Amino acid sequence: MRKLMIPVLVVTIVLLLMSVFVIQEGERGLVIRFGRVLDDNGVSKVYEPGLHFKMPLFDRVKTLDARIQTMDGRSDRFVTSEKKDVLIDTYVKWRISDFGRYYLTTGGGNALTAEALLERKVTDVLRSEIGAREIKQIVSGPRNKDILPDSDSEVVTTEAALEALEVDGERDQIMENVLVGTTDSAMKDLGVEIVDFRMKKINLPDEISESIYRRMRAERESVARRHRSQGREKAEVIRAQADLEVATVLAEADKTARVTRGEADAKSAKIYSDAYNKDPEFFSFMRSLKAYEKSFSDKSDILVLDPKSDFFQYMNNAAGGKTQ
């Protein structure tokens, strides 16, 4: 009897250990019995974190991650309403809401299968949203907001960057529509809840980006040439106005100088005339002295004159009178 107690005790302990399972924090558990998920009145029974019991040998425990997960989608090509291709990188935040449905629809809780199905749903809705809008609406947010999106995403703009600030962009509306459009179907078909959806990066395909950049460069150069032409035109106008003002000032100054000089000459002539009328002989003498001074100022000058001419009248006559 004592020999039988030990095997029975061992079997009991083994069965006890096999009937106990622990669900870690951040996880949820499902008990699978004969290939079916245990339920409670038609609802899958989900085990919260902690210690639980199951039937040994017949039950199998499947643990599922209950935390928010990130599906970082690959870059995909979309066509806008202008028939232009764009490459868009996206990511989705999701978590399991209906664990029983998730287990059944993903082939036993396979996360890769779930993300593949979820990505297909998101891409279909996003493709519809992109196809109904122009590229300049896709890359920009609401008017009077920054072109760049939130801090956790990036937008690379091309030709639309020239007009994005003038367009009431719908990038935020697109993300909201995709989130709303996929939430119900994801819950119904996969049992998952979509927490958030974002477009990380928007770019043009490599084969057309260069041509777009060249056209943008040509447009900017055309605008620059127009501004330079307008600048040169304004410079010519300013220069002509300045030349006119200079000519006007010089003309006014020359006029004033001529008037002043004429008035001075008139006064000088009047003074000489008054002086001549008072003493003609003295005036004649002074004129002769000035003539002598100018004539003999240079020692190398030679004058051939008649000594009896009127030029030497004051030299020949000490009295200063004219020679008879």
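Residues numbered from 1 in each chain as written. Predicted model: local features only at pLDDT ≥ 70, side-chain atom pairs only at ≥ 80, totals over all residues. Heavy atoms only, no water.

Asks: Now, about the overall build of the protein chain: what can you tell me, with residues and values included?
Replies: Along its length, the protein chain carries eight helices and eleven strands. Per-residue burial over the protein chain gives 27% buried out of 324 residues. Counted over contacts in the protein chain with a minimum sequence separation of 6, partners at least 24 positions apart contribute 69%. In the structure as shown, the protein chain presents an accessible area of about 22,000 Å², 55% of it carried by carbon and sulfur atoms. (Helix = DSSP H or I, 4+ residues; strand = E, 2+ residues; numbered from the N terminus. Buried < 20%, exposed > 50% of the residue type's maximum accessible area, 1.4 Å probe, protein only. Contact = heavy atoms within 4.5 Å. Areas by Shrake-Rupley, 256 points an atom, 1.4 Å probe, with all protein chains shown as cover.)

Asks: An account of the pattern of salt bridges is needed here, citing residue identities and associated values.
Replies: A full pass over the atoms with the stated rule returns 19 salt bridges. The shortest N-O distance in the salt bridge between Lys200 and Asp72 comes to 2.8 Å. Here Lys200, found in strand β11 (residues 192–203), pairs with Asp72, found in strand β8 (residues 69–72); they are 128 residues apart in sequence, far enough to count as distant. A salt bridge links Asp196 to Arg198, with the nearest nitrogen and oxygen atoms 3.1 Å apart. The network of salt bridges with common partners includes Glu129, Arg133 and Glu170. (Salt bridge = Lys/Arg side-chain N within 4 Å of Asp/Glu carboxyl O.)

Asks: I'd like a rundown of unusual backbone geometry, residues and numbers included.
Replies: Here the phi dihedral of Phe34 falls at roughly 55°; this positive angle occurs in a residue that is not glycine. Mapped onto the fold, Phe34 is located in the loop between β2 (27–33) and β3 (36–37). Its relative accessible area of 64% is what places Phe34 among the exposed residues. Even without a glycine there, the phi angle at Lys83 is positive, about 65°. Looking at where Lys83 falls in the secondary structure, it is placed in the loop between β9 (76–79) and β10 (85–96).

Asks: Explain the packing of aromatic side chains to me, using residue names and the numbers behind them.
Replies: Under the counting rule described, the total for this entry stands at three aromatic pairs. With 5.8 Å between their ring centres and 55° between their planes, Phe34 and Phe58 make a pair best called tilted. Separated by 24 residues along the polypeptide, Phe34 in the loop between β2 and β3 and Phe58 in the loop between β6 (50–53) and β7 (59–65) bring together distant segments of the chain. The interplanar angle of 35° and the centroid separation of 6.2 Å between the aromatic rings of Trp94 and Tyr102 together place this pair among those described as tilted. Overall, Trp94 belongs to the buried group, its relative accessible area being 1%. (Phe/Tyr/Trp six-rings, centres within 6.5 Å; stacked < 30°, edge-to-face > 60°.)

Asks: Summarise the nonpolar core; cite the residues concerned and give the values.
Replies: Counting residues in each nonpolar core, the largest one holds 35 residues, and the members touching the most others are Ile88, Trp94, Leu118, Leu126, Ile130, Phe197 and Met199. For this core, the secondary-structure elements that each account for two or more residues are β2, β10, α2 (99–105), α3 (111–131), α4 (135–138), α5 (171–190), β11 and α6 (206–278). For Phe197, the contacting residues outside a window of four places in its chain are Thr90, Tyr91, Val92, Val122, Leu126, Met175, Val178 and Leu179. (Core = buried A, V, L, I, M, F, W, Y, C linked by side-chain atoms within 4.5 Å.)

Asks: Kindly report on the pairing of β8, identifying the contributing residues and their values.
Replies: Burial of β8 is one-sided: the residues Gln69 and Met71 facing one way are buried, the residues Thr70 and Asp72 facing the other way are not. In the sheet, β8 pairs with β10 via four bridges, with the strands oriented antiparallel. Paired with Gln69 across the bridge in β10 is Trp94. (Pairing = 2+ DSSP bridges.)

Asks: An account of a nonpolar patch on the surface is requested, with residue identities and associated values reported.
Replies: A cluster of nonpolar side chains, namely Ile6, Val10, Val11, Val14, Leu15, Met18, Phe34, Met55, Leu57 and Phe58, defines an oily patch on the protein surface of about 950 Å² accessible area. A residue is classified by how much of its surface remains accessible, and Phe58, at 43% relative accessible area, is partly exposed. (Patch = residues over 30% accessible without salt bridge, like charges linked within 9 Å, V, L, I, M, F, W, Y side chains within 5 Å.)

Asks: An account of the sheet that holds β3 is needed here, citing residue identities and associated values.
Replies: Reading across from one edge, β3-β2-β7 is the order of the three strands in this open sheet, with antiparallel pairing throughout. Edge positions in the sheet fall to β3 and β7, since each of these pairs with one other strand and no more. In terms of strand pairing, β2 meets β7 through seven bridges, oriented antiparallel. Following the sheet pairing, Gly29 is matched in β7 by Thr63.

Asks: Explain the side chain of Thr182 to me, using residue names and the numbers behind them.
Replies: With respect to the element layout, Thr182 can be found in helix α5. A distance of 2.7 Å separates a polar side-chain atom of Thr182 from the backbone oxygen of Val178. Beyond its immediate chain neighbours, meaning those up to four positions away, Thr182 contacts Lys121, Val122, Val125 and Ile194. (Polar contact = N/O pair within 3.5 Å; in protein donor to acceptor, adjacent residues only side chain to side chain.)

Asks: So what's going on with the packing of α3 against α5? Which residues, and what values?
Replies: The N-to-C vectors of α3 and α5 enclose an angle of 145°; their axes lie 9 Å apart at closest approach. The handedness of the crossing between α3 and α5 comes out as right-handed. Contacts between α3 and α5 involve Ala114, Leu117, Leu118, Lys121, Val122, Val125, Leu126, Glu129 and Ile130 from the former and Ile174, Asn177, Val178, Gly181, Thr182, Ser185, Ala186, Asp189 and Leu190 from the latter. (Axes fitted to C-alpha atoms, helices over the stretch in contact; angles between N-to-C directions. Left-handed = near helix turned anticlockwise from the far one by under 90°.)

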